[in-house]
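# Analysis of the macromolecular model
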Amino acid sequence: MIYLDNNATTICYPEVSEIIENYSLKNYGNPNALNSFGKEINNQISIARKSIANQMNCDKNEIFFTSCATESINWALRSSTYYKGKRNKVITSSIEHKAVLNTLKDLKQLSGIEIVEVNPEKNGIVDPEKIIREIDDRTFMVSLMAANNVTGNIQPYREIGDYLSKTDIFYHIDAVQTIGKLNFSLDNIKTNFASFSGHKFHGPKGIGILYIKNGTKVRPIITGGGQERGFRSGTQNVAGIIATSVALKISNEKLHDNMIEMKKLREIIVQRSKKLRGIINTDLDNSIVNTLNVSFPGLKGQVLVNALSADDVQTGISSACSSRTDGGQYVLEKAGIRKEIASCSIRISLSSFNSEDEILEFVNKLEKMVNLLKI
Ligand code: PLP
């Protein structure tokens, strides 16, 4: 199988699966137990937290473990809304992941907040000035993604952080698509919150991270036994936490070389797509280097993805109708791409596990399918 849907999820590093086995079969103690078995596991969690903080250039007390990025996002947005005071306005972009957009919709129902969704420009990137222009004395929160999961386009999360650092407005960055694809370091980004998901960078599923800047007013997301310093109760996903710390370390160590390689492989796909009259929906100069969104007019994205799947190639769909979790046609339409073109798009997302041979085989299969299926 040629797997090119790495923005949806990734294969685990072998080191990660070893850790999962180890913490399932050998070191399976409860980290909150007072026996020595549990205490040692607790110590391993502390080491993993410290390693993640070192990797991300923040304090270990700023790293909290959750079950996925969706939970991290819910936590940041719900907590900030709780502390909004008399202010009522949230600013976000219209191309955020549904984890942000639907959580804000729920908060609108619950707390009557006003949501302003700023549209991207024609290149699929939000103009930071348009967000800044919306900020006023009623604004209590801004949430913006670092890189878009459908197009790969990098959003102006730094500029917005710089601007908001002079205010007391909560700021959340959805950084899920950054690790292993972009140099993302919390020491030079000004934000209260940043969300991550282990399975997007060759870690396991079922583990998320929320960075919460020291001093940020925050409410617990789950109450109970008081784990995660009282903010996220429930017995920790020990294997997931330790495996994610290792996945992050490996991803960062190989970041530079992997970025060069993925960019090279993406370019092979870009060139063949252009030859096939594909329309490139990704801003190739301002995007994470593993992602390419391309439309083949006259050929529905869903049809092409299905045909490639039948030929043992897994790609992603941006069409809203059929992909429950990743339906992202709206992301293209919000940038002004016509429905007929947006519905003919597919998302190809690489990882460091893809080889040049695989990509050469893929572009041949792509050419065959496009020529066969295009009306
Ligand atoms: N945010 C972005 C940008 C994503 O791409 C995803 C997953 O695709 C999420 C949030 C949600 O991550 P998870 O499903 O791991 O909670």
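Everything numeric here is computed off the predicted structure, so don't read it as measured data.

### Overview of the site of the ligand
Taken together, 13 residues are adjacent to the ligand, and Thr 70, Asp 174, Gln 177, Ser 197 and Lys 200 come closest. Between the ligand and Gln 177 there is a distance of 2.8 Å, counted from an oxygen atom to a side-chain nitrogen or oxygen. His 199 is positioned such that a nitrogen or oxygen atom in its side chain is 2.9 Å from an oxygen atom of the ligand. Taking 390 Å² as the accessible area of the ligand by itself, protein coverage stands at 90%. In this structure the site holding the ligand corresponds to the largest pocket. The greatest single-element share of the shell around the ligand, amounting to three residues, is contributed by helix H3 (residues 69–82). Split by residue class, the shell around the ligand holds five nonpolar, six polar and two charged.

### Some words on helix H1 (residues 14–25)
The end-to-end C-alpha distance of H1, which contains twelve residues, comes to 17 Å, matching closely the 16 Å that a straight helix rising 1.5 Å per residue would cover. Looking only at H1, the buried set comprises Val 16, Ile 19 and Tyr 23. End-on view of H1: buried residues confined to an arc of 60°, all on one side of the axis. Along H1, the residues that are exposed and aim more than 90 degrees away from the buried face are Glu 18, Glu 21 and Leu 25. Looking at the packing, one finds that the buried side of H1 touches helix H2 (36–56) and helix H7 (238–253).

### Digging into the nonpolar core
One broad trend across soluble globular proteins is that nonpolar side chains are buried collectively. Membership of the largest hydrophobic core comes to 56 residues, with the highest contact counts inside it found for Met 56, Ile 131, Val 142, Tyr 157, Phe 184 and Phe 196. The greatest single-element share of this core, amounting to eight residues, is contributed by H7. No fewer than three residues from each of domain 1 (2–9 + 255–373) and domain 2 (14–252) sit in this core. Residues in contact with Phe 196, not counting those within four places in the same chain, are Met 56, Cys 68, Ala 69, Ser 72, Ala 175, Val 176, Thr 178, Ile 179, Phe 184, Gly 208, Ile 209 and Tyr 211. Val 289, Leu 292, Val 305 and Leu 350 belong to the second-largest nonpolar core, a separate cluster that totals 27 residues.

### Brief notes about the sheet that holds strand E8 (residues 208–212)
Strand order in the open sheet formed by seven strands is E2-E8-E7-E6-E5-E3-E4, with mixed pairing between adjacent strands. Edge positions in the sheet fall to strand E2 (63–66) and strand E4 (114–118), since each of these pairs with one other strand and no more. Ignoring strand direction, the axes of neighbouring strands in this sheet form an average angle of 20°. Pairing of strand E5 (residues 139–145) with strand E6 (residues 170–174), which is carried by five bridges, proceeds in the parallel orientation. Looking across to E6, one finds that Val 142 is bridged to Tyr 171. Those strands touched by H2 are E2, strand E7 (193–197) and E8, and its axis lies near 115° from that of E2. Taken strand by strand, H3 contacts E2, E5, E6, E7 and E8, and its axis lies near 160° from that of E7.

Reading guide: rules and limits
Residues numbered from 1 in each chain as written. Predicted model: local features only at pLDDT ≥ 70, side-chain atom pairs only at ≥ 80, totals over all residues. Heavy atoms only, no water. Near = heavy atom within 4 Å. Polar contact = N/O pair within 3.5 Å; in protein donor to acceptor, adjacent residues only side chain to side chain. Areas by Shrake-Rupley, 256 points an atom, 1.4 Å probe, with all protein chains shown as cover. 1 Å grid on protein atoms, 1.4 Å probe; cavity = no way out; pocket = protein on both sides within 12 Å on 5 of 7 lines; lining within 4 Å. Sits in = over half its atoms within 2 Å of the grid points. Helix = DSSP H or I, 4+ residues; strand = E, 2+ residues; numbered from the N terminus. Nonpolar A, V, L, I, M, F, W, Y, C, P; charged D, E, K, R; others polar. Expected span 1.5 Å × (residues − 1). Buried < 20%, exposed > 50% of the residue type's maximum accessible area, 1.4 Å probe, protein only. Arc of directions from axis to C-beta. Contact = heavy atoms within 4.5 Å. Core = buried A, V, L, I, M, F, W, Y, C linked by side-chain atoms within 4.5 Å. Domains from an automatic or database assignment. Pairing = 2+ DSSP bridges. Axes fitted to C-alpha atoms, helices over the stretch in contact; angles between N-to-C directions.

None of the figures reported here should be taken as evidence of function without further support.
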